[in-house]
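For reference, the chains in residue letters:
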Amino acid sequence: MADTLVFIPAWNEEDNLAAVLDELHGELPEADVLVVDDGSTDRTAEIAREHGAEVLSFGENRGLRAGIAAGYAYALEQGYAYCGRVDADGQHPVDELKRLLERVQRDETDVAVGSRFVTGPGYEPYRYKPDRTRRLGTGLLRRGMRIALGRPFHDATSGLYAVNAKALPALSRPYESGAPEVEALLRLDDEGLRVEEVAVDMRARA
């Protein structure tokens, strides 16, 4: 067994999943890969197995928050030292996940979250320009996160994560809100874990 698991929550993603899995195997060949099949009615589970992934299938569609909790719970139960998450729609480049995992593996942080809205070397500010409605929602969420965390957090809905084993118990518990990524950040803060927001590029959803 590898020391790193990457999981993908997926619901009816037969059109996109093969490319995501091939990219994962190419960029992170030593990592184990799990697809959490959220009650798909298409060939999502079959494609996952054909492309070398383990599959955890729900008997019915339970929603993203259940898929996220199940992926982290699998990593915890199987004893992985590190865990990454990417979405099944191709939005998250695996070379960016690899950078996040490397930060966690060097013990620079317990959790690295890929952010579209922070800058860094090679990442220009304002490279993503959401529409007016989304800007309003993002602004309100940022203010709320600043109050809750006591510091700025710019991309609280990002699903691109790399974590170590210390973060798995908090992330694997069932989620109660409709915004599991936001709930995850609040849990991690409550546990006193180190969370770093790291500049990344993301693609448009397939």
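Residues numbered from 1 in each chain as written. Predicted model: local features only at pLDDT ≥ 70, side-chain atom pairs only at ≥ 80, totals over all residues. Heavy atoms only, no water.

Undergrad: If you had to explain the pattern of salt bridges to someone new, which residues and values would you point to?
TA: Going through the model one piece at a time under the given rule, you end up with 13 salt bridges. Two residues, arginine 43 and glutamate 46, come together in a salt bridge whose shortest N-O distance is 3.3 Å. Judged by its relative accessible area of 40%, glutamate 46 falls in the partly exposed class. A salt bridge links lysine 166 to aspartate 110, with the shortest nitrogen-to-oxygen separation between them at 3.3 Å. Of this pair, lysine 166 sits in the loop between β6 (161-164) and α6 (168-172) while aspartate 110 sits in the loop between α4 (94-105) and β5 (111-115), placing them 56 residues apart in sequence. Given the relative accessible area of 3%, aspartate 110 is considered buried. One salt-bridge network, held together by shared partners, links Asp107, Asp110, Lys166 and Arg194. (Salt bridge = Lys/Arg side-chain N within 4 Å of Asp/Glu carboxyl O. Buried < 20%, exposed > 50% of the residue type's maximum accessible area, 1.4 Å probe, protein only. Helix = DSSP H or I, 4+ residues; strand = E, 2+ residues; numbered from the N terminus.)

Undergrad: Kindly report on the nonpolar core, identifying the contributing residues and their values.
TA: Judged by nonpolar contacts, the single largest core of 32 residues is most densely connected at Tyr72, Tyr161, Val163 and Leu188. Elements that contribute at least two residues to this core include exactly β1 (4-10), β2 (32-37), α3 (64-78), β5, α5 (132-149), β6, α6 and α7 (180-190). With six residues, the top contributor of residues to this core is α3. With residues up to four places along the chain from it excluded, the contact list for valine 163 reads Tyr72, Ala81, Tyr82, Cys83, Val104, Asp110, Val111, Leu168 and Leu171. In terms of nonpolar packing, the next biggest core, distinct from the first, is built from 30 residues, Ile8, Ile47, Val94 and Leu100 among them. (Core = buried A, V, L, I, M, F, W, Y, C linked by side-chain atoms within 4.5 Å. Contact = heavy atoms within 4.5 Å.)

Undergrad: Requested: an account of the sheet that holds β1, with residues and values cited.
TA: Read across the open sheet, the seven strands follow the order β3-β2-β1-β4-β6-β5-β7; overall the sheet is mixed. Every interior strand has two partners, whereas the edge strands, β3 (54-57) and β7 (195-199), have only one. Across the sheet, the mean angle separating the axes of adjacent strands is 20° when strand polarity is ignored. Two strands pair when backbone bridges link them, and β2 and β3 are joined in this way by four bridges, in the parallel orientation. By the bridge assignment, leucine 34 is partnered in β3 with glutamate 54. Most of the contacts of α3 go to β1, to which it runs at about 160°, and overall it touches β1, β2, β3, β4 (82-85) and β6. (Pairing = 2+ DSSP bridges. Axes fitted to C-alpha atoms, helices over the stretch in contact; angles between N-to-C directions.)

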